[in-house]
Amino acid sequence: MGSLEISRQALALIALVCGLWLAIGLWATLRASRHTRGARQIEVDALRSRALLEAGPAMPLLIHADGSLEAPQRLAHALGLALPPSRLEGLSGGEGALTEEDGETFASLVQASVATGGPFTMRARARSSARLLRIQGGPAPAGYPPRSVLAWFTDATEAEEQMGALRDDGVRLTSALDALSALVEAAPFPMWHRGPDL
């Protein structure tokens, strides 16, 4: 027998250790593969959710407790700004996106929502355009910093124009009905109205 003779027990132990390392490596590879697939699915879901959010009519504005803002570029364009404002004060005042009165009302509603935890709704005009915005807000959902407020801006210009046209039609029809009623009352002979039941 030679000087480098390895016993059968030592070979069996080396084979066992190598097999164990191979099994651990295989297990780690499979686990990493599952985690990678899970991470890819989360990324796909996040991209789909973002696409849905960007396609929707409402635009979010997150107001942190310190007055800093997070908003998408789309909201900046709707407000007539090149970039979203970084502070709550940037929504009103000199170069603000909202009229001064609407900006002050919005700021006070945000403060009230922080204090009470309640929702709010308001309408506001964009300073640099004829847009009318409907703003709904309230405390930000779980996962956001405490005392944060989430506000959703929706362009309500077309809906308001339609409501204005309907109000005008209602006024016109009411005055026409009043004129017809006055004509019937002033007629020198009796008139009856026959209903659906004759």
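Parameters and conventions
- Residues numbered from 1 in each chain as written.
- Predicted model: local features only at pLDDT ≥ 70, side-chain atom pairs only at ≥ 80, totals over all residues.
- Heavy atoms only, no water.
- Helix = DSSP H or I, 4+ residues; strand = E, 2+ residues; numbered from the N terminus.
- Rg over C-alpha atoms; globule rule 2.2 N^0.38 Å.
- Buried < 20%, exposed > 50% of the residue type's maximum accessible area, 1.4 Å probe, protein only.
- Contact = heavy atoms within 4.5 Å.
- Areas by Shrake-Rupley, 256 points an atom, 1.4 Å probe, with all protein chains shown as cover.
- Lys, Arg positive; Asp, Glu negative; His and termini not counted.
- Charge placed at Lys NZ, Arg CZ, Asp CG, Glu CD.
- Expected span 1.5 Å × (residues − 1).
- Arc of directions from axis to C-beta.
- 1 Å grid on protein atoms, 1.4 Å probe; cavity = no way out; pocket = protein on both sides within 12 Å on 5 of 7 lines; lining within 4 Å.
- Points joined across faces, edges and corners; volume = space filled by probe spheres on them.
- Nonpolar A, V, L, I, M, F, W, Y, C, P; charged D, E, K, R; others polar.

1. What about the overall build of the protein?
Line of reasoning, step 1. When you go through the protein residue by residue, the secondary structure sums to four helices and five strands.
Line of reasoning, step 2. Along the chain direction, N to C, the helices and strands of the protein fall in the order α-β-β-α-α-β-β-β-α.
Line of reasoning, step 3. Rg of the C-alpha trace for the protein: 34 Å, well past the compact-globule value of 16 Å for 198 residues, more than 25% over.
Line of reasoning, step 4. The dimensions of the protein, computed from C-alpha atoms along their principal axes, are 140 × 60 × 35 Å.
Line of reasoning, step 5. Taking all 198 residues of the protein together, the buried fraction comes to 24%.
Line of reasoning, step 6. By sequence separation, contacts in the protein at least 24 residues apart represent 38% of the contacts at least 6 residues apart.
Line of reasoning, step 7. Carbon and sulfur atoms provide 62% of the accessible area of the protein, an area that totals close to 14400 Å².
Line of reasoning, step 8. Treating the 18 positive side-chain charges of the protein as one cloud and the 21 negative ones as another, the clouds have centres 13 Å apart.

2. Focus on helix H3 (residues 100-116)
Line of reasoning, step 1. The first and last C-alpha atoms of H3 sit 24 Å apart over 17 residues, in line with the 24 Å expected at 1.5 Å per residue.
Line of reasoning, step 2. Along H3, the residues classified as buried are Asp 102, Gly 103, Phe 106, Val 110 and Ser 113. The arc that holds every buried residue of H3, seen down its axis, measures 100°, which confines them to one face. Residues of H3 that are exposed and point more than 90 degrees away from the buried face comprise Glu 101, Gln 111, Ala 115 and Thr 116.
Line of reasoning, step 3. Within two residues after H3, Gly 117 carries a phi angle of roughly 75°, on the positive side.

3. Some remarks on the layout of surface pockets
Line of reasoning, step 1. Roughly 330 Å³ of internal volume is contained in the largest pocket.
Line of reasoning, step 2. Lining the largest pocket we find 14 residues, and of these Leu 53, Pro 60, Glu 70, Ala 71 and Pro 72 sit closest to its centre.
Line of reasoning, step 3. Listing elements by their share of the lining of the largest pocket, those giving two or more residues are helix H1 (8-55), strand S1 (58-63) and strand S5 (149-155).
Line of reasoning, step 4. Approximately 250 Å³ is the volume attributed to the second largest pocket.
Line of reasoning, step 5. Together, 18 residues line the second largest pocket, and Gly 67, Leu 88, Ala 107, Val 110 and Gln 111 are the ones closest to its centre.
Line of reasoning, step 6. Here the element with the most residues in the lining of the second largest pocket is H3; it accounts for seven residues.
Line of reasoning, step 7. Partitioned by chemical class, the residues of the lining of the second largest pocket number nine nonpolar, five polar and four charged.

All quantities given are derived from atomic positions and should not be read as evidence of function.
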